[in-house]
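# Secondary and tertiary structure notes
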Amino acid sequence: MSNVLATAPAPPEEAARHFAARLAFETDVSDVHTDLEAGVPGLVVVDSRSTESWEQGHLPGAVHLPTALIAERAPLLVPRDAAVVTYCWGPGCNGATRAALAFARLGYRVKEMIGGYEYWTREGFAVETATGRVSTPPDPLTAPVGAGAVCGC
């Protein structure tokens, strides 16, 4: 007996709806990095972590807005017509999900950046710290390594 097939795969039409819906709610660190580097207009990336976490390092260009303050401060910091991307620590944390929910309840279009700060750094993308921009080499378990290497997904 197959563990994978113990529950039958969904019909293709149902699977297509499911995966399309996930892409409407989620994005990944590579796509966020690409859009930030390209200066895509109307995109606002929000770090929903604490001040101490923000100071430890954050995505360049991100707005710092801890989840508990979103309802109060979002209208002052984030344009209503922005496409908001929230992030927190990483896949073991649902802070970005809570932040995305808070933005959605305020009427913003929002996506959660899966992988969070952890996968941003593991893919070797630069972060802002008190001492400036820093980056680490990509982790070969999370990103292709080498000159010109691309994921292709």
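Residues numbered from 1 in each chain as written. Predicted model: local features only at pLDDT ≥ 70, side-chain atom pairs only at ≥ 80, totals over all residues. Heavy atoms only, no water.

## Notes on the sheet that holds strand 4 (residues 83-87)
Judged by pairing direction, the sheet is parallel, and its 5 strands sit side by side in the order 1-5-4-2-3 without closing on themselves. Pairing within the sheet leaves two strands with one partner each, and these edge strands are strand 1 (26-28) and strand 3 (63-64). As paired strands, strand 4 and strand 5 (residues 109-114) are joined by 4 bridges and run parallel to one another. By the bridge assignment, A83 is partnered in strand 5 with R109. Relative to strand 4, helix 5 (residues 95-105) is tilted by about 155°, and along the sheet it contacts strand 2 (43-47), strand 4 and strand 5. (Pairing = 2+ DSSP bridges. Helix = DSSP H or I, 4+ residues; strand = E, 2+ residues; numbered from the N terminus. Contact = heavy atoms within 4.5 Å. Axes fitted to C-alpha atoms, helices over the stretch in contact; angles between N-to-C directions.)

## Quick notes on the pairing of strand 2
Here strand 2 lies mainly inside the structure; 4 of its 5 residues are buried. Bridge count between strand 2 and strand 4: 5 bridges; the pairing is parallel. Along strand 4, the bridge assignment pairs L43 with A83. Bridge count between strand 2 and strand 3: 2 bridges; the pairing is parallel. Looking at strand 3, one finds that D47 is bridged to H64. (Buried < 20%, exposed > 50% of the residue type's maximum accessible area, 1.4 Å probe, protein only.)

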